[in-house]
Protein chains: 2
Amino acid sequence: MPVITLHDLFMQELQDLHSAESQIIEALPKMIEMADDEKLQAALEDHLEATQQHLDRLNEIDAMFGFLGSEKICEGMRGIIQDGERTLTEITDAATRDAAIIAAGQKVEHYEIAGYGTAAAYAKQLNHDEAGDLLKKTLDEEKKTDSDLSSLAEGNLLATGLNEMAAEE
Amino acid sequence: MPVITLHDLFMQELQDLHSAESQIIEALPKMIEMADDEKLQAALEDHLEATQQHLDRLNEIDAMFGFLGSEKICEGMRGIIQDGERTLTEITDAATRDAAIIAAGQKVEHYEIAGYGTAAAYAKQLNHDEAGDLLKKTLDEEKKTDSDLSSLAEGNLLATGLNEMAAEE
């Protein structure tokens, strides 16, 4: 697919997000299994459900424009997940592992905030109101998840901090 | 380096950011060359200078803790840059290419916002005030760059939107 106009770029961004969401759906169950804190586990489970809904919305937009076809792997999300999984396998302490899961989750969210922010701006410029509304809805949910992870991190850091002190004794 | 405590995780996050910043310094000159709009070019040049300063700050923190050694490639940033470069080579229109450069730039910024946000939170929890101040300074600058790119995008989208209309005639 040659990229000439803003419409082409919009299609590319949607493809990229579709690949990113699909990769998150594959990676999340492992994260849920590795999480120790119950609140974190519940938040990740909610997020898996939300991610499925975000993918459904992208499929709805695909029904309008037909951007899928040559599935392009989003290398950015692949790298973020790879970094996260690599770190997690090296951690033996449960609270430290939770802190690493939250950190990886926030990188995932910020990738999506940038991607959906761009796609929503393109949709607006191209007067694709219906697609724009769906993208904006997901964007707002990604921002909310990022802020929820920040709150969880605060509680968790206290726990890992205590472990830290214990380790330094 | 085994990851057991929050301190170990902090060192890992700093390594990751060091690799990310180094990759950005390598990628930015190509983006500057490809950019058409003068304001975008100037913004990217300023950002290259800022990125060098962010790397210097990480080196300052390395002098405190010695986190460097086994250089770990940040795969997240590698993927983000790879996606951006792949898209750019497919674009023939100058204003559309500028839009894609801005979109890639915002993915880079959001990666860094997540990474520096995490590192600054770890520094605070571990009472590393000096390192925390340096990380917070960079975090604020990354947020500012992201918001500057959003403003540039608005002006640029108007231009690409006009091209879009021309292409649809």
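Residues numbered from 1 in each chain as written. Chains lettered and ligands numbered in written order. Predicted model: local features only at pLDDT ≥ 70, side-chain atom pairs only at ≥ 80, totals over all residues. Heavy atoms only, no water.

Asker: Can you walk me through the pattern of salt bridges in this structure?
Answerer: Per the counting criterion, the structure on display carries 18 salt bridges over all chains. With a closest N to O distance of 3.4 Å, A:Glu90 and B:Lys72 form a salt bridge. Here B:Lys72 lies in the loop between α2 (38-65) and α3 (75-89) and A:Glu90 lies in the loop between α3 (75-89) and α4 (94-125), a pairing that spans two chains. Judged by relative accessible area, which is 28%, A:Glu90 ranks as partly exposed. Residue B:Asp16 is joined to A:Lys107 by a salt bridge in which the shortest nitrogen-to-oxygen separation is 3.6 Å. Within this pair, whereas B:Asp16 is found in helix α1 (residues 6-34), its partner A:Lys107 is found in helix α4, the two belonging to separate chains. For B:Asp16, a relative accessible area of 10% corresponds to the buried category. Overall, the relative accessible area of 9% leaves A:Lys107 in the buried class. (Salt bridge = Lys/Arg side-chain N within 4 Å of Asp/Glu carboxyl O. Helix = DSSP H or I, 4+ residues; strand = E, 2+ residues; numbered from the N terminus. Buried < 20%, exposed > 50% of the residue type's maximum accessible area, 1.4 Å probe, protein only.)

Asker: So what exactly am I meant to see when it comes to the relation of the copies chain B and chain A here?
Answerer: Mapping between the two chain copies consists of a rotation about an axis together with a translation along that axis. Of the transformation superimposing chain B on chain A, the axial component is 0.0 Å and the angular component is 180°, with the fit at an RMSD of 0.0 Å. The transformation just described matches what one would write down for a two-fold rotation axis. Both copies contact each other with a shared surface, as 100% of the interface residues of chain B are interface residues in chain A too. (Least-squares fit on C-alpha atoms with pLDDT ≥ 70 in both. Contact = heavy atoms within 4.5 Å.)

Asker: Help me out: how do you make sense of the side chain of B:Glu13 in this one?
Answerer: Residue placement: B:Glu13 occurs in helix α1. The class for B:Glu13 is buried, based on a relative accessible area of 8%. Not counting residues up to four positions away in its chain, the partners in contact with B:Glu13 are A:Ala103, A:Lys107, B:Gly115, B:Thr118, B:Ala119 and B:Tyr122.

Asker: Looking at this structure, I do not really get the packing of aromatic side chains. What am I missing?
Answerer: In this description, an aromatic ring pair is defined by two values, namely the gap between the centres and the angle between the planes. Residue and element names in this part refer to chain A. Tallied over the full model, the rule gives two aromatic pairs over all chains. Each ring, one from Phe 10 and one from Phe 65, has its centre 5.9 Å from the other, and the planes form 75°; the classification is edge-to-face. Of this pair, Phe 10 sits in helix α1 (residues 6-34) while Phe 65 sits in helix α2 (residues 38-65), placing them 55 residues apart in sequence. Residue Phe 65 is classed as partly exposed on the basis of its relative accessible area, which comes to 24%. (Phe/Tyr/Trp six-rings, centres within 6.5 Å; stacked < 30°, edge-to-face > 60°.)

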